[in-house]
Amino acid sequence: MMKKPHIDSKKKDILQAAMRLFATKGIDGISVKEIGDAAGVTDAAIYKHFKSKQAMALEAFSHYCGGYTRLIDYMGGQPGTFHSRFHRLIDEVLRMHDEEQYGMLLLAQQHEIFAEASRSGERQLFDALVAFIEQGIERGELPDQDARLSAVLILGAFNQMALSSLHGELPARLEPLASEVKQRFSHLLGQL
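As annotated in an unreviewed UniProt entry, the protein chain carries the name Transcriptional regulator and is attributed to Paenibacillus tyrfis.

Structural data, given as structure tokens:
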């Protein structure tokens, strides 16, 4: 009988604490000790799982970026109209935000580590959204438009909603706003 590998739950705790701190204070604004304190572990426990703070930031960024990218690609491959798939995508993004509000904020961080991740060759969130919008244009379900600009506007709006939610300008939970968000994004894309 093969022995099951032990999965250290502390790594998940460390990543979640780091992600919250990176999203709110930036990578350069926190120390490994602060991450350890927030996760309830020692510096040694952190270095058991990560070579450096930068490696930790890159893993957290890749985790959230990958999750949102896979979601967009999944919706792009589903049957149905662009409109129905885009609305399901919005519902899911808002649900994901409400489950872990700092994930979306982390993606909005401007740091050279995240720029490196974007150049790594892995499919990125922005590219997935551009392709999804282009698919709607090619199928004649969206008017001709600059898909890159539309994607920037949508991602910027989601990032600002997450930030406004954190600061109390919007409710902590964004799912109740789904109907209005869908309506406004549909107008932005030219769907009336």
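Still more ground to cover, so stick around.
*Asks:* Just give me the short version of the packing of aromatic side chains, but keep the residues and values in it.
*Replies:* Throughout the structure, instances matching the rule amount to five aromatic pairs. Relative to Phe 185, the ring of Phe 158 lies with its centre 5.1 Å away and its plane at 75°, an arrangement referred to as edge-to-face. In this pair, Phe 158 is assigned in helix α9 (residues 147-166) and Phe 185 in helix α10 (residues 178-188), connecting sequence segments 27 residues apart. An aromatic cluster is built from Phe 82, Phe 86, Phe 132, Phe 158 and Phe 185, whose rings are joined through pairwise contacts.

*Asks:* Please set out the nonpolar core residue by residue, giving values where relevant.
*Replies:* Counting 59 residues, the largest nonpolar core has Phe 22, Ile 35, Met 56, Phe 86, Ile 133 and Phe 158 as the members making the most contacts within it. At the level of secondary structure, the elements contributing two or more residues to this core comprise α1 (9-25), α2 (32-39), α4 (53-76), α5 (82-99), α6 (101-107), α8 (125-138), α9 and α10. In this structure, Met 56 is in contact with Ile 14, Leu 15, Ala 18, Phe 22, Ile 35, Ile 46 and Phe 50, ignoring residues within four places of it in sequence.

*Asks:* Describe the packing of α1 against α2, with residues and values.
*Replies:* Between α1 and α2, whose axes approach to 8 Å, the crossing angle comes to 125°. Regarding the angle of α1 to α2, the classification is oblique. In this structure, the crossing between α1 and α2 has a hand that is right-handed. Along its contact with α1, which presents Asp 13, Ile 14, Ala 17, Ala 18, Arg 20, Leu 21, Phe 22 and Lys 25, the element α2 presents Glu 34, Ile 35, Ala 38 and Ala 39.

What counts and what doesn't
Residues numbered from 1 in each chain as written. Predicted model: local features only at pLDDT ≥ 70, side-chain atom pairs only at ≥ 80, totals over all residues. Heavy atoms only, no water. Phe/Tyr/Trp six-rings, centres within 6.5 Å; stacked < 30°, edge-to-face > 60°. Helix = DSSP H or I, 4+ residues; strand = E, 2+ residues; numbered from the N terminus. Core = buried A, V, L, I, M, F, W, Y, C linked by side-chain atoms within 4.5 Å. Buried < 20%, exposed > 50% of the residue type's maximum accessible area, 1.4 Å probe, protein only. Contact = heavy atoms within 4.5 Å. Axes fitted to C-alpha atoms, helices over the stretch in contact; angles between N-to-C directions. Parallel < 35°, antiparallel > 145°, perpendicular 65-115°, else oblique. Left-handed = near helix turned anticlockwise from the far one by under 90°.

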